Amino acid sequence: MKRLSLFTLATALTVILALPGFQADVHAKIINLNYANFPPAPTFPCVQMERWKDEVEKRTNGKVKINTFPGGTLLEAKGMMDGVIAGQADIGCLCMAYQPGRFMVTNAVSLPVEIPDSATGSLVLLDLYRKYKPASFDKVKVLTMFTTAPANIMCKSPVRTLEDIKGMDLRASGGAAEILKAWGANQIGMPMSATPEALQKGVVQGLFSSLEVMKDLKFAEDCKYVTMTNTVVYPFAVVMNKDKWKSLPEDVKKVMEELVTEQALWTGNYMDTHVNEAVAWSKKTHNVEFIELDKKSIVKWNSVLSPIINKWIKEAEEKGLDGKGIVDAIYGMIGEHTK
Ligand code: 3IO
């Protein structure tokens, strides 16, 4: 057999390397995306971030690499939206309750409309966004949205009556803050990421949010009492820088489009399951008392909330929004998703 000359081998190698398919495999540029998040890694916004990262990396066969930044290391809570618009991060997870005026339409899910759980809240929020396409998201690509489970009062001292809550320093933001005020608390606004320190320093006596933080942020160590009100949810959005989105290849965009609703539902289900685990853990590990209001008290607590929706409708209509239509749409969507 004739021996292959070095020249033949070199020529063959050159041809192979020049083949378009081979080049694509060997030299395929990996797309790196930075994903910013504001709370610590064990909390649900970061858990859902890691799940989304894994799914995108898997479904793009490694073509896309997501670098996650929990704990406000890349962007902090209130700077998330503007940071993503400016391109300081490619992707960011934000809580809309921290900028109530900016996200007025989507924050309407934080009215006391009795959303029963996070899975329902997440699908309703996404529906609402799709129906109204609020201008506040014009400068970004929305990758998903979700809500927390309904909020309850976590506190260092027991809250059993409206008299107990009067003047108490309690932390909440956005729609949940309006509810605390209506109950007579001294409402203090700050992002969740600032709350552990505020509790420790005694700046606040407790907080009003979903209960999985009892475990994830170890609030059960300080807050030995929980008053069950199951009142409102907090809305979140995950957004991408628009130029970055436009630069992505079609197959990558398709993977991300397919994840929009799926991720909302995944996060809702994760949250709902995890709240139950956190409640059981708080009772067992920290002997937390869960206070249930009796029927008469529930009527009384709810009665002071009824002006909140009408007040919001009026404010929305003053801003040229179809306030009544938005609230009616939300009730319809809740019905749709709880059928
Ligand atoms: C939340 C925010 C960050 C981490 C865990 C969380 N659980 C519930 C929320 C809702 C929220 O943004 C807030 O401020 O209560």
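Above this text you will find the structure in question.
Residues numbered from 1 in each chain as written. Predicted model: local features only at pLDDT ≥ 70, side-chain atom pairs only at ≥ 80, totals over all residues. Heavy atoms only, no water.

Enquirer: I would appreciate a short explanation of the packing of helix α3 (residues 44-59) against helix α11 (residues 250-286) in the present structure.
Expert: For any two helices packed against each other, the geometry comes down to the angle between their axes and how far apart the axes lie. Between α3 and α11, the least distance of the axes is 10 Å, while the angle of their chain directions is 145°. Remark: the crossing between α3 and α11 carries right-handed chirality. Residues Phe 44, Val 47, Gln 48, Arg 51, Trp 52, Glu 55, Val 56 and Arg 59 of α3 lie in contact with α11, whose contacting residues are Val 255, Met 256, Leu 259, Glu 262, Gln 263, Trp 266, Thr 267, Tyr 270 and Met 271. In terms of residue class, the contact of α3 with α11 is built from 10 nonpolar, three polar and four charged. (Axes fitted to C-alpha atoms, helices over the stretch in contact; angles between N-to-C directions. Helix = DSSP H or I, 4+ residues; strand = E, 2+ residues; numbered from the N terminus. Left-handed = near helix turned anticlockwise from the far one by under 90°. Contact = heavy atoms within 4.5 Å. Nonpolar A, V, L, I, M, F, W, Y, C, P; charged D, E, K, R; others polar.)

Enquirer: Would you mind showing me how to read the side chain of Thr 267 here?
Expert: Turning to its location among the elements, Thr 267 is positioned in helix α11. Looking at Thr 267, its side chain comes within polar contact range of the main-chain oxygen of Gln 263, at 2.7 Å. The residues contacting Thr 267, other than those within four sequence positions of it, are Phe 44, Gln 48, Ser 118 and Phe 146. (Polar contact = N/O pair within 3.5 Å; in protein donor to acceptor, adjacent residues only side chain to side chain.)

Enquirer: I keep staring at the packing of aromatic side chains and nothing clicks. Help me out?
Expert: Any pair of aromatic rings gets described here by the distance separating the centres and the angle formed by the planes. The full count for this structure, using the stated rule, is 11 aromatic pairs. Here Tyr 35 and Trp 52 contribute two aromatic rings whose centre-to-centre distance is 5.8 Å and whose plane-to-plane angle is 75°, an arrangement assigned as edge-to-face. Pair noted here: Tyr 35 is in strand β1 (residues 31-36) and Trp 52 is in helix α3, with a separation of 17 residues, a long-range link. Residue classification places Trp 52 among the buried positions, given a relative accessible area of 1%. Grouping aromatic residues by their ring pairs yields a cluster made of Phe 38, Phe 44, Tyr 98, Phe 146 and Phe 236. (Phe/Tyr/Trp six-rings, centres within 6.5 Å; stacked < 30°, edge-to-face > 60°. Buried < 20%, exposed > 50% of the residue type's maximum accessible area, 1.4 Å probe, protein only.)

Enquirer: Which parts of the structure should I look at to understand the site of the ligand?
Expert: Taken together, 16 residues form the shell around the ligand, and within it Cys 95, Tyr 98, Arg 171, Ser 209 and Glu 212 come nearest. At 2.7 Å from an oxygen atom of the ligand is found a side-chain nitrogen or oxygen belonging to Tyr 98. Glu 212 is positioned with one of its side-chain polar atoms (N or O) 2.6 Å from a nitrogen atom of the ligand. In the complex, the protein chains occlude 100% of the 350 Å² of accessible area that the ligand would expose alone. A class-by-class count of the residues in the shell around the ligand yields 10 nonpolar, four polar and two charged. (Near = heavy atom within 4 Å. Areas by Shrake-Rupley, 256 points an atom, 1.4 Å probe, with all protein chains shown as cover.)

Enquirer: Would you mind going over the nonpolar core with me for this structure?
Expert: Buried together is how nonpolar side chains tend to be arranged in soluble globular proteins. Counting residues in hydrophobic clusters, the biggest one holds 113 residues, and the most contacted among them are Phe 137, Ile 165, Trp 183, Phe 208 and Met 256. Broken down by element, this core gets its largest block of residues, 10 residues, from α11. With sequence-adjacent residues up to four places away left out, Trp 183 is seen in contact with Ile 153, Leu 162, Ile 165, Lys 166, Phe 208, Thr 229, Thr 231, Trp 301, Val 304 and Leu 305. (Core = buried A, V, L, I, M, F, W, Y, C linked by side-chain atoms within 4.5 Å.)

Enquirer: Would you mind showing me how to read the sheet that holds strand β7 (residues 186-188) here?
Expert: Two strands in a sheet stick together by hydrogen bonds in their backbones, pointing the same way (parallel) or opposite ways (antiparallel). Read across the open sheet, the six strands follow the order β7-β6-β8-β5-β9-β11; overall the sheet is mixed. Either end of the sheet is taken by a strand with one partner, and the two such strands are β7 and β11 (289-292). Geometrically, the sheet is characterised by an average inter-axis angle of 25° between neighbouring strands, direction not taken into account. Bridge count for strand β6 (residues 169-171) against β7 is three bridges, and the pairing is parallel. Its bridge partner lying in β7, Arg 171 is registered against Ile 188. (Pairing = 2+ DSSP bridges.)

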